[in-house]
Amino acid sequence: MSAMFKLVGKPAPRHDAWAKAKGDQLYSDDFTMPGMLYGKALRSKYPAAIIKSIDTSKAKALPGVHAVLTAKDVPMNVEISKFGQMKDVGGGFEGLYKVLADGKVRFKGEAIALVAAETEELAEEACRLIEVDYEVQPGVFDPEEALKPGAYIVSSDEGENESNLIMESHINKGDVEKAFAEADVIVENEYRVPPVDHAYLETEGGVAWVDDNGVITMRVGTQVLEHYRTIAKVMGLPQNKVRNMSVPMGGGFGGKEDITVETFLCLLANATKRPVKMVWSREESLEVHSKRHPEILRYKTAATKDGKITAQKVEIIMDGGGYKLLTGWVQMYSTVNAPGCYNIPNVKVDSYSALTNNTPSSANRGFGCCQANFASELQMDELAAKLGMSPLEIRLKNCLRNGDEICTGFIPQGHIALEEIAKKAWEGLEATGPKPDYVDGKKIGRGLAIGMMSYGRLTFMHDSSRVGLRIELDGSVTLRAGVPDLGGGQASVLCQIVAEELGIPMEKVHPYIMDTHLTPLCGTTTATRQLYMSGNAALVTVKVLKERIIKKAAEMLDAKPEEVQLINEKACLINNPLKSVPFVQVVGALSNDGVELFHEGQFNAPFTDVPNLHDMKGRIWPDFTYSAHAVEVAVDEETGKFEVRKVVLCYDVGKAINKNSCEGQLEGGCVYNQGYVTENMGWENGITKARSFAEYLIPTAVDAPEIETIMVESGGGLGPYGAKGVGEPADNSIAPAIVNAIYDAVGVRLKEMPVTPEKLLKAIQEKNK
Amino acid sequence: MEISLHVNGKTYRLNVDPRKRLIDVLRDDLNLTGTKEGCGEGECGACTVILDGQAVNSCLVLACQARDKEILTVEGLARNGELDSLQKSFIEHGAVQCGFCTPGMLMSAKALLIKNPHPTEQEIKEAVAGNLCRCTGYNKIIAAIKKVAEDS
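Quantities reported herein were computed from a predicted structural model and do not represent experimental measurements.

(A) Representation of the pattern of salt bridges. In the structure shown here, the tally under the stated rule is 69 salt bridges over all chains. Taken together, the salt bridges that share partners define one network made up of A:Lys98, A:Asp102, A:Arg106, A:Asp157, A:Glu160 and A:Lys324.

(B) Inspection of the sheet that holds strand β17 (residues 346–355) of chain A at higher detail. Residue and element names in this part refer to chain A. Taken in spatial order, the five strands line up as β9-β17-β16-β15-β10 in an open sheet, and their pairing is mixed. Of all strands in the sheet, those bounded by a partner on one side alone are β9 (165–173) and β10 (185–193). Across this sheet, the average inter-strand angle for adjacent strands is 5°, counted without regard to direction. One ladder, built from ten bridges, connects strand β16 (residues 309–321) with β17; its direction is parallel. In the sheet register, Ile316 faces β17, and the bridge partner there is Ser351. In this fold helix α10 (residues 369–387) packs onto β10, β15 (295–303) and β16, with an angle of close to 145° to the strand it touches most, β10.

(C) Fine view of the packing of aromatic side chains. If you walk through the whole model with that rule in mind, you get 13 aromatic pairs over all chains. An angle of 25° between the planes, with centres 6.0 Å apart, marks the rings of A:Trp329 and A:Phe460 as stacked. Pair noted here: A:Trp329 is in helix α9 (residues 327–337) and A:Phe460 is in the loop between β19 (442–455) and β20 (464–471), with a separation of 131 residues, a long-range link. By the burial criterion, A:Trp329 is buried, and A:Phe460 matches it. Pairing A:Trp621 with A:Phe624 gives two aromatic rings, centres 5.8 Å apart and planes at 75°, and the pair type is edge-to-face. Here the aromatic residues A:Tyr333, A:Phe367, A:Trp621, A:Phe624 and A:Tyr626 are joined through ring pairs into a cluster of three or more. Lying over the aromatic face of A:Tyr323, A:Arg106 brings its terminal NZ or CZ to 4.0 Å of the ring centre. Cation over ring: B:Arg134 sits above A:Tyr672, and NZ or CZ is 4.2 Å from the ring centre.

(D) Structural view of the interface of chain A and chain B. Each partner contributes to the interface: chain A provides 49 residues, whereas chain B provides 42 residues. Where chain A abuts chain B, roughly 3500 Å² becomes buried across the two surfaces, and 58% of that area is made up of carbon and sulfur atoms. The largest contributions to the chain A side of the interface with chain B come from A:Ala21, A:Leu201 and A:Ala701, which together make up 19% of the buried area. For the pair chain A and chain B, the interface holds six salt bridges. Ionic pairing is found between B:Lys140 and A:Glu667, a salt bridge with its closest N-O pair at 3.7 Å. Mapped by element, the contributors of at least two residues to the side of chain A that touches chain B are α1 (17–22), α16 (659–678) and β31 (706–712) of chain A. Partitioned by chemical class, the residues of the side of chain A that touches chain B number 24 nonpolar, 13 polar and twelve charged.

(E) Spatial organisation of the domain arrangement of chain B. Residue and element names in this part refer to chain B. When its domains are assigned, chain B resolves into domain 1 (2–76) and domain 2 (85–151). Listed per partner, the contact involves 17 residues of domain 1 and 14 residues of domain 2. Between domain 1 and domain 2 the total buried area reaches about 1200 Å² when both faces are included, carbon and sulfur atoms providing 66% of it. Viewed at the interface, domain 2 and domain 1 are joined by zero salt bridges. Elements represented by at least two residues in the side of domain 1 that touches domain 2 include exactly β3 (48–51) and β4 (54–57). Here the side of domain 1 that touches domain 2 is composed, by residue class, of seven nonpolar, seven polar and three charged.

The rules behind these values
- Residues numbered from 1 in each chain as written.
- Chains lettered and ligands numbered in written order.
- Predicted model: local features only at pLDDT ≥ 70, side-chain atom pairs only at ≥ 80, totals over all residues.
- Heavy atoms only, no water.
- Salt bridge = Lys/Arg side-chain N within 4 Å of Asp/Glu carboxyl O.
- Pairing = 2+ DSSP bridges.
- Helix = DSSP H or I, 4+ residues; strand = E, 2+ residues; numbered from the N terminus.
- Axes fitted to C-alpha atoms, helices over the stretch in contact; angles between N-to-C directions.
- Contact = heavy atoms within 4.5 Å.
- Phe/Tyr/Trp six-rings, centres within 6.5 Å; stacked < 30°, edge-to-face > 60°.
- Buried < 20%, exposed > 50% of the residue type's maximum accessible area, 1.4 Å probe, protein only.
- Lys NZ or Arg CZ within 6 Å of the ring centre and 35° of its normal.
- Buried area = accessible area lost by both parts, 1.4 Å probe.
- Nonpolar A, V, L, I, M, F, W, Y, C, P; charged D, E, K, R; others polar.
- Domains from an automatic or database assignment.

Next up, the structure:
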């Protein structure tokens, strides 16, 4: 089959690679407009306080200041966000989104007022002149404390002001208590995972203006173009009066999934009738945009003496921070993935999320799944150690295989390659040579972790995507798609699919993307869904046009349509390629016949009903991508410092449509969550201590390990040509593999990240006592 | 104050605020927006340019400190429409994802290869250790630079 592909499966450079390598690509901060003002937000000094009054008179009086706005100036300051194109699902899923703080301040750095001024310096000065009278509150910073009766209540808004509980969800499968009573061994542990910043190189920013027809228009890089609907509500405008001509992002990773600067810019542009630019500083970005959910995960596992797991009981407490945002959605991922990628007959999961006065938690690559994967993969090694089994053995004994059901009773449709990829990753590492005891005086250890993570959104969100194509009269193609491109090659792969089907070079397909007024809406670049959803939409769309072309070509070649193929910019007979007609001539003939040379097609994901959160059953996502990471670390027993030396990662990617992009995602995700083990926001009572890249340390080129990437292509995915999504699953099992490798090296397993040299050294010293 | 800057082979006479950073003059006054700002304090390397043969963070240099010096930015890498071999290699290796770190990464790599045309892998890693990338995991970037060094 693969031999038939001309483009699919090749490591094609992306359409935008040249502009990016030349420095020509324009990002959010690279636009300026005549008469442009600078926007700035005044942010709360305290994580918990009541705003008693705000006096903006001095700021307004400053020459060069054109607008100072507070909550009372926002047409609809509080909106229950629907997050893109989903239907109403109710419950704890719908996050209250507030533009500017009023009543209670919920986290340090929450925006209280907005300023537009002629220079950045003036805007900053105006912010300093705004007088806010705060009544400081005690606040609550621990999600377990927040859930206790009598806890400080984070919100003063209706619907949230009685309890800090955001959502609880439960899974009950079989009878865990009976299994624990009958178990040969029981392992019980508590794990803690920290907040994580996305640390994209480009901070949040953009430009907005009111166009000559009164449309509020912006150039803001976002993962969710569909936020224009929420922005319209906030502005009190119809949805067709708000437009985002979005730009490629300098990284997203979930951090540009919630609204960032959009509403601030639109409000300021509307108030001043001048273009306004706002770009957040790195400090602002680290402090105020949402982080990965910190979680406490308590595991109790029962197994037989030969290593078969009979029960898994998990309790999860999630810190949602000051606003709900996407916590309810993230909670689905943590809850359903809590038992791990294993076939376990008896499962009980109870998960709770709470508002606190910490920076809000929301989407971050891995979306609740990597928290649960971290805990469950450490738990597997704890069990293996207790039983005297190897990490590979215990996983092969229990991992999901085709036909097995997950904890909700759903049997995945896509191929499950866990056994194969776990072996390949581990054997790949072993093939690099026998493990030395020491290298350069450092103790060497090897570890393994595997995982599964969905691609495509939760099925009860009824997801869909659309792509538009127009064949030009010279045989080139214009592809229109509202696909936010955050650097993963989301748009380029659509061109590759269209070019493959039409038998033309990829350069002949030009993508016009990310304009809410002009491009068909593709839905969010989140949930590892663009290749699956928009790739399928592109395929659906191009096939309609292909059929028209082939039908006409058959007429011209005096053949039947099923005898004709499109290849090398020609339509030719499959059995006699010399009998052909140029693609462009067929297009001309169709145009002459008055046949439509354009089409917009839609792809719908499988739809399900909202699950009963007290007893979650059935399908929750379309399908899963399976991962395995085998890791070698070197630990300095004198200092507690460690380095990741080698990683062999193995994924079933279904079909690697663009080999470079696919490998790039897998390697990038690997290093992204290598950082999960060590990155430290330094939260203390709602204060972020890591406010620069000098304090928030992400992996550098020197820290990154040598990575061997093994891609299995089972063809068993639900995406185009059997592809699976890899963007988020790419970071799934690396962090636990590192921590398990440290255990192999020095015999201690830290169950709480970040793993700092201090903590590791202390644990080594205690063990050696 | 009046200064002359030699940027990508052209000389510019500019009247700049003495407090203005080189990055701002490049981006705002000369419209060379290929140089990116990621942190404003020399930690991320996105604003790297080559100043008299040295890779520097243009957010840490005042424009007036660069007076009369030779500045090379990402826009100056291509010669007569022909991309620099580093740019070509980055494209071929898939070393460009979001692209925001790419200009700075290219300039650090270029500065390395000017001084040391045949670096070891460790020397390559150290040369770009000040350029953060959150997308690629660095492996393809290192491979792209290594290939250029090997072919030269």
